[in-house]
Amino acid sequence: MEFLYSCDESGITITKWIGDAKKAIIPRKIEGKPVIKIADYAFSDNLAIKKVVINANLEVIGDFS
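This structure is a prediction, so every number in the text was calculated from the model and none was measured.

S.K.: Describe the overall build of the protein chain, naming the residues involved and giving the relevant values.
M.R.: Tallying secondary structure elements over the protein chain gives zero helices and seven strands in all. Listed by position from the N terminus, the elements making up the protein chain come as β-β-β-β-β-β-β. Against the globule reference of 11 Å for 65 residues, the protein chain gives a C-alpha radius of gyration of 11 Å, in line with a compact fold. A principal-axis box enclosing the C-alpha atoms of the protein chain has dimensions of 30 × 20 × 20 Å. A separation of at least 24 residues holds for 45% of the contacts in the protein chain among residues at least 6 apart in sequence. Only carbon and sulfur atoms are counted for the fraction: they give 53% of the accessible area of the protein chain, which is about 4,300 Å². Taking the average place of the 9 positive charges on the side chains of the protein chain and the average place of its 9 negative ones, the gap between the two points comes to 9 Å.

S.K.: Can you lay out the packing of aromatic side chains for me, pointing to particular residues and giving the numbers?
M.R.: Enumeration over the complete set of coordinates arrives at four aromatic pairs. Considering the side-chain rings of Trp17 and Phe43, the 6.0 Å spacing of their centres and the 35° angle between planes classify their relative orientation as tilted. You can see Trp17 sitting in strand 2 (residues 11-17) and its partner Phe43 sitting in the loop between strand 5 (33-38) and strand 6 (51-53), a full 26 residues away along the chain. The pair formed by Trp17 and Phe43 is uniform in burial state, with each residue classed as buried. Three or more aromatic residues joined by ring pairs form one cluster here, namely Phe3, Tyr5, Trp17 and Phe43.

S.K.: Break down the pairing of strand 5 for me, citing the residues and quoting the values.
M.R.: Of the pairings in the sheet, the one linking strand 2 to strand 5 comprises three bridges and is parallel in character. Bridged to Thr13 within strand 5 is Lys37. Counting the residues that bridge the hairpin from strand 4 (residues 29-30) to strand 5 gives two residues, and of these Glu31 lies at a positive phi of roughly 55°. Where strand 5 and strand 7 (residues 60-61) come together, two bridges link them in parallel fashion. By the bridge assignment, Lys37 is partnered in strand 7 with Val60.

S.K.: Residues and numbers for a nonpolar patch on the surface, please.
M.R.: Taken together, the side chains of Val52, Ile54 and Ile61 present a nonpolar region at the surface, about 240 Å² in accessible area. With respect to the element layout, Ile54 can be found in the loop between strand 6 and strand 7.

The rules behind these values
- Residues numbered from 1 in each chain as written.
- Predicted model: local features only at pLDDT ≥ 70, side-chain atom pairs only at ≥ 80, totals over all residues.
- Heavy atoms only, no water.
- Helix = DSSP H or I, 4+ residues; strand = E, 2+ residues; numbered from the N terminus.
- Rg over C-alpha atoms; globule rule 2.2 N^0.38 Å.
- Contact = heavy atoms within 4.5 Å.
- Areas by Shrake-Rupley, 256 points an atom, 1.4 Å probe, with all protein chains shown as cover.
- Lys, Arg positive; Asp, Glu negative; His and termini not counted.
- Charge placed at Lys NZ, Arg CZ, Asp CG, Glu CD.
- Phe/Tyr/Trp six-rings, centres within 6.5 Å; stacked < 30°, edge-to-face > 60°.
- Buried < 20%, exposed > 50% of the residue type's maximum accessible area, 1.4 Å probe, protein only.
- Pairing = 2+ DSSP bridges.
- Patch = residues over 30% accessible without salt bridge, like charges linked within 9 Å, V, L, I, M, F, W, Y side chains within 5 Å.
- Salt bridge = Lys/Arg side-chain N within 4 Å of Asp/Glu carboxyl O.

This is the structure:
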């Protein structure tokens, strides 16, 4: 995986993108749980990303992401 994440009872939060791909794909599920949030600053300091593909489960996109 090219990102770090956390999990709670409501679902998965992408906390930091650590990959070097130009295209970031946010998956629909991780470990069978829905990805529902991208945390604040999740893509900060990553100059490689040119495009982010977001799935339908996403409920929150954090500030500066």
